[in-house]
Protein chains: 2
Amino acid sequence: MANIRKQPVLRMSDIYAPTLKEDPSDADIESAKLLVRAGMIRKEAAGLYTFLPLGMRVISKIETIVREEMDSHGGQEILMPFVQPAELWHRSGRWDVYGPELLRVTDRHDNEFCLGPTHEEIVTDLVNNELRSYKDLPKNLYQIQVKFRDERRPRFALMRGREFIMKDAYSFDADEAGLDASYARMREAYINMFDRMGFDYRVVVADSGQIGGNASEEYMVLADAGEAEIASCTCGYAADTEAAQATPHPVAYAADALTKLETPGVHTIEELAAFLGTTENACVKALSCKAADGTLWVLFVPGDYEVNEVAVEHLLGEFTPLSDAEMKDAGLVKGSMGPVGLPEGVKIAADESLRSIERWLVGANVDGFHFAGAKQGEDFTVDAWEHLCMVKEGDACPKCGKPLSIARGIEAGQIFKLGTKYSEAMGVTFMDEDGVEKPFVMGCYGVGVSRCMAAAVEQSHDENGIVWPVGIAPAHVCVIPLSGKPDEVTEAAAKIADELACAGWEVVLDDRDERAGVKFADADLIGWPVQVVVGKRGLKEGSVEVKPRATGEKQSVAIDGVLEAVEAALNV
Amino acid sequence: MANIRKQPVLRMSDIYAPTLKEDPSDADIESAKLLVRAGMIRKEAAGLYTFLPLGMRVISKIETIVREEMDSHGGQEILMPFVQPAELWHRSGRWDVYGPELLRVTDRHDNEFCLGPTHEEIVTDLVNNELRSYKDLPKNLYQIQVKFRDERRPRFALMRGREFIMKDAYSFDADEAGLDASYARMREAYINMFDRMGFDYRVVVADSGQIGGNASEEYMVLADAGEAEIASCTCGYAADTEAAQATPHPVAYAADALTKLETPGVHTIEELAAFLGTTENACVKALSCKAADGTLWVLFVPGDYEVNEVAVEHLLGEFTPLSDAEMKDAGLVKGSMGPVGLPEGVKIAADESLRSIERWLVGANVDGFHFAGAKQGEDFTVDAWEHLCMVKEGDACPKCGKPLSIARGIEAGQIFKLGTKYSEAMGVTFMDEDGVEKPFVMGCYGVGVSRCMAAAVEQSHDENGIVWPVGIAPAHVCVIPLSGKPDEVTEAAAKIADELACAGWEVVLDDRDERAGVKFADADLIGWPVQVVVGKRGLKEGSVEVKPRATGEKQSVAIDGVLEAVEAALNV
């Protein structure tokens, strides 16, 4: 992994990396705190950040990885204008559709432009009349560029800024089969990229109900701060929890006939199970809502599951849960709803898993009472059977059956089959083999470059600071002499730094005249993957300490074994 | 010069490089024509261009050279926002001063911003309260970024666009001596950069009269399309012609006394010298103008020189040459002005060189007449002696005395001592060694990255296309098999391409099924430094042709000598 060429040793006294002891007052997420404190980014205004030298080194590494993988998977780098003529957006129809996130600008001659949030229009116009024949296809053009989206409420620093660095790629093919091949190549490139960045991530098939087909995949970096929840399996399956399917196992609560039970003060499933000394999956949970057409529905799922709102939307269209007042008006009893004796016109939907439960333990539509033994087809009838449960930890993977894990994730990349949406809207065609003019079949492929930097910090940090993955760390090793003034310690440290640099590693020498505590704190905060600590006492015995940042476990190493120990710590 | 690593062979059939046979109708300069025709750039709107893959390769090479030289001369790369808050420009006082080139933008919350044309404000604000002590200095922060200037009339494609790529650097020092050292380092970096880009260029000391001291140097790439005229010497001296000093050698026209000569129809120096059978430098030329204070002046220079308007401005302040009507009103005679018998109140300035000419051959202020023998101090008096001549080819170098050359140049870079202009205006200070808060002493250093690409083409092209310097060529060698279908020719060409790539060269294989004429024309147009032509006839004798683009001289080379011949052509 080391470069062949000798790297220059960086000196902490030279580097512009103003570290801070205090958290910035407006930091609303760990990466915002740590990147600012580690002297890697600075806020200029809401959603506008400057990358300082160490931050820029991380960005450059991410860009290099992205560039190399794009180039080796058929991508060709271009650079399109950031300021885009409105005329193109009129042609695609997006000028009027795109919201206020599209920042519009008028130039000195009163011509309208916008700051590019994405480049489908420009790239489609670019190939117009220049990619003329099916023989010129496929082509994949990409750029790495600053984008602008005028977010209403920019927040989470690099996670949801207004100006951000993105790699966007666009593929042009003659037909769907061609697009499939281009898409598959990008998929491979993306997996390589995120592997090389050292991420623990999941490839999530986007909710197919909304987009259609396997037309989109998201690359989600697992982190608590993630905006999405993902169900995934060791077999490789992963899906947004709203798109994944739960596998509930409800059980029957023993009752031979419809029996009204007095359940004073019981309003939740937890209370019901406890009151009756049974398990939650023996109870049936109810939720009321109003469909787009005004019909009232009560939805039933096993007591140990939550309702998946996206699944309900697929069934009913846009719906709204009923408020307490609406429930009262409709004659529904909060905390005791059930399928038996519902008001006229209220419909019943139930999760598929409840088909197997003949008699339900469920609300009696009277406060303080529940029914046991409510029988399907006899005491009540279900109007719609659907998968309505939100997937949860331990549900069976739909691919292999093993238990699923649930985690939050940050979207770091997305690949997408556009089809002919833009080429048709803008009338951009090529001559196919059969002599017919056809619109290009397009794909688009994005990576949030600056977002990857934040995602890495969200995924990999501790109470002392950042823990950079080796592949995108601002440098590999920090050599820390426990002395600032020139002496045998600084001399030995410089020599070790030089030796590591000669082996191709990127080395920082903390040559500042600072206390050991300050140097240690900064090294932990900045998050160099490996620290080499050179002290007077160790030197006498011919040894130094090597500390991998991730484990924090210091190891005493003989001076002539430093390179080996460092490379072991870097997991070469 | 070759990289150690094997390069992948690029295939012309893959590369998105739509070459054009016809010049684009709106191209107003050679580089605009050739870069578009060679499939390297495309115009999106006035002053907005897309860089296609081959153009992007050139840009990347320029960026790499700039980055490496900045990094090895104390620069640290950062990235500041493109969209800048108006508030900072108010603090520096430039919001109201900067003209309509500053494109102003209002965001969704009605906050004002501008698209960055330069970054002095942001970078000065950035270091505020973070570079606190003289111990933190010097620092040099740079970025490579797209800038925007809303030019009234964008033209010459990449030479004067609205959106363009620039490297801008800013140095921070404690005092003038520190700035001098930072400036000297940048000077060295700039010379290395432009050497590595393969430019024939001059380092021009900017007009010291206007800026003060040696506070600025411009790096001018010599090319006919340049906007500036430069006088330079082999000793290294170079200056804008308006700042350089001429060395006229006027001679006396023999006459013992003031003699009025009848010169019918003579109105120019050329006509006067021919009429009298003498040389132009024996005549004295006159020009009339009005100074800022309203005084009328007649300026005299030797007949073989032109007046340097900047020199006149230094003498008189803002001035305007008189129109024919104004001359008539003032009693001045066009084509026959002289120092003897001028109207009352008209003042006389003369070039220093004329001091040595006691008696002048000059206009008589009467149409059709001139004076010979007009004597200084007797027939007329000079009010101001100054250097008023425009330098010309062959004038003596002020440094070494050798003859100067005159050429046009394109400004590719500039280094500039800012001093405390921005740090004072914005109140940004550090604590100096003496315990006193002082404003930073700053320098700024720019390179027009995309402009360098155009300058290279302006300097290096012929009627067939671009002739890229090796250091920034999109690739080093193009291997051209004179066959498109797979056969022994394409096989041999692929083998040669692979061999060259293994040696670390960037190789393009023109594997297209096109006529030889098309391949040759495209290779010349795109301007790869070396072409290797593989044909059936040559192969039979075990040879191929190697053609350096610059000379066009084809050379037959044995197949096992191709690498050597190519490297010789690349001047390794």
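The rules behind these values
- Residues numbered from 1 in each chain as written.
- Chains lettered and ligands numbered in written order.
- Predicted model: local features only at pLDDT ≥ 70, side-chain atom pairs only at ≥ 80, totals over all residues.
- Heavy atoms only, no water.
- UniProt positions renumbered as here; feature names shortened; annotations may be inferred.
- Salt bridge = Lys/Arg side-chain N within 4 Å of Asp/Glu carboxyl O.
- Helix = DSSP H or I, 4+ residues; strand = E, 2+ residues; numbered from the N terminus.
- Buried < 20%, exposed > 50% of the residue type's maximum accessible area, 1.4 Å probe, protein only.
- Contact = heavy atoms within 4.5 Å.
- Buried area = accessible area lost by both parts, 1.4 Å probe.
- Polar contact = N/O pair within 3.5 Å; in protein donor to acceptor, adjacent residues only side chain to side chain.
- Nonpolar A, V, L, I, M, F, W, Y, C, P; charged D, E, K, R; others polar.
- Patch = residues over 30% accessible without salt bridge, like charges linked within 9 Å, V, L, I, M, F, W, Y side chains within 5 Å.
- Areas by Shrake-Rupley, 256 points an atom, 1.4 Å probe, with all protein chains shown as cover.
- Lys, Arg positive; Asp, Glu negative; His and termini not counted.
- Charge placed at Lys NZ, Arg CZ, Asp CG, Glu CD.
- Least-squares fit on C-alpha atoms with pLDDT ≥ 70 in both.
- Pairing = 2+ DSSP bridges.
- Axes fitted to C-alpha atoms, helices over the stretch in contact; angles between N-to-C directions.

Under an unreviewed UniProt entry, chain A has the name Proline--tRNA ligase and belongs to Slackia isoflavoniconvertens. Recorded in UniProt for chain A, the comment headed Sequence similarities (unreviewed entry) runs: "Belongs to the class-II aminoacyl-tRNA synthetase family. ProS type 1 subfamily." Here chain A is described in UniProt, under the heading Subcellular location (unreviewed entry), as follows: "Cytoplasm".

Caption draft 1: Local environment of the pattern of salt bridges. Residues and elements named next belong to chain B. If you walk through the whole model with that rule in mind, you get 76 salt bridges over all chains. With a shortest N-O distance of 3.9 Å, Lys33 and Asp23 are connected by a salt bridge. Taken as a pair, Lys33 in helix H1 (residues 30-37) and Asp23 in the loop between strand S1 (10-11) and H1 lie far apart in primary sequence, 10 residues in all. Judged by its relative accessible area of 24%, Lys33 falls in the partly exposed class. Between Arg160 and Glu151 there is a salt bridge, and its shortest N-O distance comes to 3.5 Å. With a relative accessible area of 29%, Arg160 lands in the partly exposed category. You can call Glu151 buried: its relative accessible area is 12%.

Caption draft 2: Seen up close, the interface of chain B and chain A. Chain B puts 55 residues into the contact, and the matching count from chain A is 55 residues. Interface of chain B and chain A: buried area, both sides summed, is about 4600 Å²; carbon and sulfur atoms make up 60% of it. Ionic pairing is found between Arg162 of chain A and Asp107 of chain B, a salt bridge with its closest N-O pair at 2.8 Å. The interface formed by chain B and chain A includes 20 residue pairs in polar contact (both at pLDDT 80 or more). Looking at the side of chain B that touches chain A residue by residue, the classes come out as 32 nonpolar, six polar and 17 charged.

Caption draft 3: Quick look at helix H11 (residues 449-459) of chain B. With 10 of 11 residues buried, H11 of chain B lies mostly within the body of the structure. Of all the positions in H11 of chain B, only Val449, Ser450, Arg451, Cys452, Met453, Ala454, Ala455, Ala456, Val457 and Glu458 of chain B are classed as buried.

Caption draft 4: The arrangement of a negative patch on the surface in detail. A cluster of acidic side chains, namely Glu242, Glu309, Glu313 and Glu318 of chain A, defines a negative patch on the protein surface. By relative accessible area, which is 49% here, Glu309 of chain A ends up partly exposed.

Caption draft 5: Quick peek at the relation of the copies chain B and chain A. Relative to chain A, chain B is turned by 180° and slid 0.0 Å along the rotation axis, the superposed coordinates differing by an RMSD of 0.1 Å. The operation mapping one copy onto its partner corresponds to a two-fold rotation axis. Minimal C-alpha distance to the rotation axis in chain B is attained by Val105 of chain B, lying at 3.0 Å. In this assembly the copies share their binding face: 100% of the residues contributing to the interface of chain B also contribute to that of chain A.

Caption draft 6: Spotlight on the sheet that holds strand S21 (residues 384-386) of chain A. All names here are of chain A. In space, the five strands of this open sheet follow the order S17-S15-S16-S18-S21, with mixed pairing throughout. The strands lining the two open edges of the sheet, one partner per strand, are strand S17 (320-321) and S21. Judged from the seven bridges that link them, strand S15 (residues 284-290) and strand S16 (residues 296-302) form a sheet pairing that is antiparallel. Residue pairing across strands places Lys285 opposite Val301, the latter belonging to S16. Lying over the sheet, helix H8 (residues 309-316) contacts S15, S16, strand S18 (347-351) and S21, oriented at roughly 135° with respect to S16.

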